[in-house]
Amino acid sequence: MSAQQVAGRRAPVFVRHTGIAAPFLRHNVDTDVISPLNPNPIKEGATSGERAFEAIRYFPDGSENPEFFLNQENYRTASIMLTGRNFGTGSSRASGVRWPMAMGIRVVIAPSFGPIFYTNAFRYGLLAVPMEMDLIVRLAEWVQGHPGVAMTVDLEREMIIAPEMEPVPFEVDDRVRRKLLEGLDDLEEISEYTDAARAMRSDDRESRPWVYQTSGNGNR
């Protein structure tokens, strides 16, 4: 199951995704590369998905750069990206997540992520999986040896599964994992603790009433 909307909710759900993985083993890819601010796209009338990575995806004349992974025949339909350290560093704009999703990416696996990119990722339903670089290289080698063969990234089991490969475990922050599996937004997550917080406040009011006394000028 790829990122999708839960009926009646705005928060995305991610349980598992099966798709083609593509190696893009480049470190320090920042949001200016992922979603450039240039108001004049290289390709006339390009969509957000087509503009993602445009400075390295196309030549100045608008033709495809064959070295970019989505321009290679084996990876044109890739939805899982294997990449390097510090992916998504730089500015905080959400297009750094939304543009790759618009071009079909549902999972990014990297040793580390820009902190704001990571937060935006789970808010929009893109699964950002932290993983050691040697394991990512191992996955990339499998991908290159099995062109066109899909792998499954299972968030529920925290496992990557592919034919003829030992399952590769991973760990995602427990809070992020739960929010994606259950489709919880920030308010829904906080609301679970409202009753407990009110009870604690009530108990504290009884034990320390002077803290809650109102002064004559209306200030507490």
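For the structure itself, look to the data block above.
Model, not experiment: these values are computed from the prediction.

A. A look at the packing of helix α4 (residues 95–102) against helix α5 (residues 115–124). Contact pair α4 / α5: the axes reach a minimum separation of 8 Å and the direction vectors enclose 50 degrees. Comparing the axis directions of α4 and α5 gives the class oblique. Here α4 runs over α5; the crossing is right-handed. Of the residues in α5, those touching α4 at Gly 96, Val 97, Arg 98 and Met 101 are Phe 117, Asn 120, Ala 121 and Tyr 124. Here the residues of the contact of α4 with α5 sort into 5 nonpolar, 2 polar and 1 charged.

B. The arrangement of the nonpolar core in detail. One finds Phe 53, Phe 87, Ile 109 and Ile 160 to be the most contacted residues of the largest nonpolar core, which totals 55 residues. A per-element tally of this core places helix α6 (residues 133–145) first, with 6 residues. Ignoring any residue separated from it by four or fewer positions in sequence, one finds Ile 109 in contact with Ile 80, Met 81, Leu 82, Thr 83, Val 129, Met 131, Ile 136, Leu 139 and Ile 160.

C. Structural context of the packing of aromatic side chains. Within this structure, the stated rule accounts for 9 aromatic pairs. Pairing Phe 68 with Phe 69 gives two aromatic rings, centres 4.7 Å apart and planes at 40 degrees, and the pair type is tilted. Its relative accessible area of 3% is what places Phe 68 among the buried residues. An aromatic cluster is present here, built from Phe 87, Phe 113, Phe 117, Tyr 118 and Phe 122 joined pairwise through their rings.

D. View of α4. Across the 8 residues that make up α4, a large majority, 6, are buried. Every buried residue belonging to α4 is among Ser 95, Gly 96, Val 97, Trp 99, Pro 100 and Met 101, and all of these are buried. Elements that come into contact with the buried residues of α4 comprise α1 (31–34), α2 (48–51) and α5. Gly 104 lies just past α4 and shows a positive phi near 110 degrees.

Definitions and limits used
- Every chain begins its residue count from 1, and numbering advances along the sequence as written.
- This being a predicted model, a pLDDT of at least 70 is required before a residue's local features are given, and a value of 80 or more before pairs of side-chain atoms are given or counted; all residues contribute to the totals for chains, interfaces and linings.
- To get the side-chain values, all heavy atoms of the structure are used, and hydrogens and water are removed first.
- Axis definition: a line fitted to C-alpha atoms, limited for helices to the stretch in contact. Angles are taken between N-to-C directions and run from 0 to 180 degrees.
- Helical segments are the DSSP runs of H or I of at least four residues, strand segments are the runs of E of at least two, and each set is numbered from the N terminus.
- Roughly parallel covers angles under 35 degrees, roughly antiparallel covers those over 145, roughly perpendicular covers 65 to 115, and oblique covers all other angles.
- Here a crossing is called left-handed whenever its near helix is offset anticlockwise from the far helix by less than a right angle, and right-handed whenever the offset is clockwise.
- Contacts are assigned to residue pairs that have any heavy atoms within 4.5 Å of one another.
- Gly is put with the polar residues, along with every residue not named as nonpolar or charged; the nonpolar set is Ala, Val, Leu, Ile, Met, Phe, Trp, Tyr, Cys and Pro, and the charged set is Asp, Glu, Lys and Arg.
- Buried Ala, Val, Leu, Ile, Met, Phe, Trp, Tyr and Cys residues form a nonpolar core when they are joined through side-chain atoms within 4.5 Å.
- Partly exposed describes any residue whose relative accessible area lies between the buried limit of under 20% and the exposed limit of over 50%, with all areas from a 1.4 Å probe on protein chains only and scaled to the type maximum.
- The rule is short: rings of Phe, Tyr and Trp, with Trp giving its six-membered ring, pair when the centres are within 6.5 Å, and they are stacked under 30 degrees, edge-to-face over 60, tilted in between.

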